[in-house]
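Chain by chain, the residues:
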Amino acid sequence: MDREDQRRYFVVGSVFMEIVTPLFRQKLVNDYTNKGLRSIHDFINSQTVIHILFHLRHRNSHCCQDQVHCYNSPALPVNYSQWDLLYTENPGPGPGPHNCHCKFTANQINLDDLDITLASLILLNCCNLGLQEENVVRKLRHYKNDYLSHNTKGQITETEYNTLWTDIESFILQLDPSKGDDLIRIEQRPLDQPLCDKYLTCLLDLYKKLDEMDTKLDHQTELLQEIHDVLGNQTTKNTSLFIRGLSSLLKLFRSKQQDNLLPAQPKLGQSLFTLYHHTDLTSKVGNDSIVSDIVMMDGGRLVMCVPDQNRLLICNTDGSQVDSIPVQGMPWHVTAVNNSTVAVTLLYSTGIEMYDIHNKLKLKSISPPGMWCWGSGITTINNKLVVGGNNRLQIVDHQTGEVVQTIQTNCDSYRLHCSDDRIFYTDYKNKLYWLSYTDDRHHTLTLPSGPRSMTTLQDGSLYVVCEDKSVQHVSSDGKQYKQVKTLQLNSLCDGIQYNLTQRKLVIKHNNHVTVYSEI
């Protein structure tokens, strides 16, 4: 296999996984937010959207509530697994006039559950796009199919790449002109074989075929033969790559639970990550300075707060290409707003500073009334900022600076983290708190020692770093936990984050940063 051809495939696949997919998801957020909806669940649960997607999955159906807008689609672009991911049929009347979209309600899904195919399908059919935006989304969808989804070789030749890259770059910049630096970085990245294999698995258009064969999952020989028929003789030409990708696919689809193609939750405490890179930042910040917080951007860059030097430190996951942004104040906590923008809280200040990490520019300052001045934690939910106040959390619209919601808590929040509709926070005791943003229900879990930082993994479970230097693996329902012995720390850690796009875990302890790749 030509390694450079494979690297070109990896570059293009990275663009679609790390730039295009998040862009499509953000377009969805913008659309449902403009319609006054709070979450992706509220959006797909609206009758209009259910009705549209219902007819993209079902033929010859007449809906009892809205027959005027019923139609028969010449194709059924919503496949079985996509429909089952989005909706559940409720018990109700049998066949007849009620065999329609009124029988379905939306599942509790997250934006991250929508891959590029499903996100683009919903954008094109259920959202208000301008003519240019719609055209670009369609073209990117077609390019993904032409060059990635049907590309079983996992390679792109130089001749094909030269024209392909120009088009993709043009399409993306039409959707978001700020993505230029991201494109440059990705185009120059070296081949990361494990990540390339993962992207190949995600991008190959085998899901429909595998879904049709889900009744055969207990018969591996038959399944292998059918996939071999789909891929043709590429299995002999690219044996190693095929086996790695196929192995991942089998693991994914054999973990099917009930009616949904969802990965089973790993056992609490088991090893999920392997060491990727360790960086000692002492030479970058000095012996007497500290790094107070860290965030990994979707493009892979690390952004860190260095409070006593009044700056943000920026570097790659391997510690290279170090740069910094001066800050007027002491940056204490940081969160990613999008792939080019971070929001920072300052020690001894009630303000939020927002920075463009690519152009190294300060974008704006926000001063929410009542915000905690002792270096409040900060995170994001539904494209809004979340900061702490005295016995409360505040949801802040970073575009207007308005506090759009205040949530009372029974403690001052030291660390904050959001996942889906859950807001997690800690105080200085042994308790992890969280609340459901949609129904305002509060929960508490007592841990062996005080939680200092937490992050959500792909399956909804959490890693929580505690003051006793342990990492506790908390179940997605928040009721159980078990120590992750493979991540036992030698020094006190006060920063941990999992990045779904990169499939990497970053842990900061003192001035050392360790990055792990997902197994």
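Report on the accompanying structure. Remember, it's a predicted structure, so these values are computed and weren't measured experimentally.

1. A closer look at the sheet that holds strand S13 (residues 384-389)
Reasoning step 1: The sheet built from four strands is open, its strands ordered S12-S13-S14-S15 with antiparallel pairing. Edge strands, defined here as strands with exactly one partner in the open sheet, are strand S12 (378-381) and strand S15 (403-408). In this sheet, neighbouring strand axes are inclined to one another by 30° on average, regardless of whether the strands run parallel or antiparallel.
Reasoning step 2: The pairing of strand S14 (residues 392-396) with S15 spans five bridges and is antiparallel.

2. Details of the pairing of strand S11 (residues 361-366)
Put simply, side chains in a regular strand alternate between the two faces of the sheet.
Reasoning step 1: Sheet topology note: the strand S10 (residues 352-356)/S11 ladder contains five bridges and is antiparallel. Residue pairing across strands places Met 354 opposite Lys 364, the latter belonging to S11.
Reasoning step 2: If you look at the hairpin formed by S10 and S11, you'll find four residues sitting between the two strands, and Lys 360 has a positive phi there, around 55°.

3. Some words on the sheet that holds strand S4 (residues 293-296)
Reasoning step 1: Taken in spatial order, the four strands line up as S4-S5-S6-S7 in an open sheet, and their pairing is antiparallel. Edge positions in the open sheet fall to S4 and strand S7 (323-326), since each of these has one partner strand only. Put simply, the sheet's adjacent strands are angled 20° from each other on average, direction ignored.
Reasoning step 2: Relative to strand S5 (residues 302-306), S4 runs antiparallel, the two sharing four bridges. Across the sheet, residue Met 296 finds its bridge partner in S5, namely Leu 302.

4. Description of the nonpolar core
Reasoning step 1: Phe 43, Leu 53 and Tyr 87 are the most contacted members of the largest nonpolar core, which has 66 residues in total.
Reasoning step 2: The dominant element in this core, judged by the number of residues it contributes, is helix H1 (residues 3-34), at 14 residues.
Reasoning step 3: In this structure, Tyr 463, Leu 487, Leu 489 and Tyr 516 belong to the second largest nonpolar core, which totals 15 residues.

5. Concerning the side chain of Ser 120
Reasoning step 1: Positionally, Ser 120 belongs in helix H5 (residues 116-126).
Reasoning step 2: Judged by relative accessible area, Ser 120 falls into the buried class, the value being 1%.
Reasoning step 3: At 2.7 Å, the side chain of Ser 120 and the side chain of Arg 141 are in polar contact.
Reasoning step 4: If sequence neighbours within four positions are ignored, Ser 120 has contacts with Phe 24, Val 137 and Arg 141.

6. Side note on helix H8 (residues 180-188)
Along an α-helix, residues three or four positions apart point the same way, because every turn accommodates 3.6 residues.
Reasoning step 1: Where H8 is concerned, the buried positions are Asp 182, Leu 183 and Ile 186. Projected onto a plane normal to the axis of H8, the buried residues spread over an arc of 100° and lie on a single side.
Reasoning step 2: On the buried face of H8, the contacting elements are H1 and helix H7 (158-175).

7. Focus: the pattern of salt bridges
Reasoning step 1: This structure, assessed with the given rule, holds 14 salt bridges.
Reasoning step 2: The salt bridge partner of Lys 35 is Asp 31, with a shortest N-O separation of 2.7 Å.
Reasoning step 3: Note on Lys 35: relative accessible area 40%, which makes it partly exposed.
Reasoning step 4: The salt bridge involving Glu 353 is made with Lys 362; its shortest N-O contact spans 2.7 Å.
Reasoning step 5: Residue classification places Glu 353 among the buried residues on the basis of a relative accessible area of 7%.

Cut-off values and rules
Position numbers for residues count from 1 along each chain, tracking the sequence in the order it is written. Reporting in this predicted model follows two pLDDT cut-offs: at least 70 for local features of residues, and 80 or more for side-chain atom pairs to be given and counted; totals over whole chains, interfaces and linings ignore these cut-offs and use all residues. The basis for every side-chain value is the complete set of non-hydrogen atoms in the structure, without hydrogens or water. DSSP bridges decide pairing: two strands pair if at least two such bridges lie between them. Helix numbers and strand numbers start at the N terminus; a helix is a DSSP run of H or I with at least 4 residues, a strand a run of E with at least 2. Comment: axis = line fitted to C-alpha atoms, over the contacting stretch for helices; angle = value between 0 and 180 degrees taken between N-to-C directions. Here the nonpolar core consists of buried residues drawn from Ala, Val, Leu, Ile, Met, Phe, Trp, Tyr and Cys, with membership extended through side-chain atoms lying within 4.5 Å. Buried means the residue's accessible area, taken with a 1.4 Å probe over protein chains only, is under 20% of the maximum for its type, while exposed means over 50%, and partly exposed covers the values in between. For the purposes of these results, a polar contact is taken to be a pair of N or O atoms within 3.5 Å, where, inside protein, one atom must be able to donate a hydrogen and its partner to accept one; residues adjacent in sequence count only when each atom of the pair is a side-chain atom. Whether two residues are in contact is decided by their heavy atoms, any of which lying within 4.5 Å being enough. Think of the arc as the fan of directions from the helix axis to the C-beta atoms. In the sections that follow, a salt bridge refers to a side-chain nitrogen of Lys or Arg positioned within 4 Å of a carboxyl oxygen of Asp or Glu.

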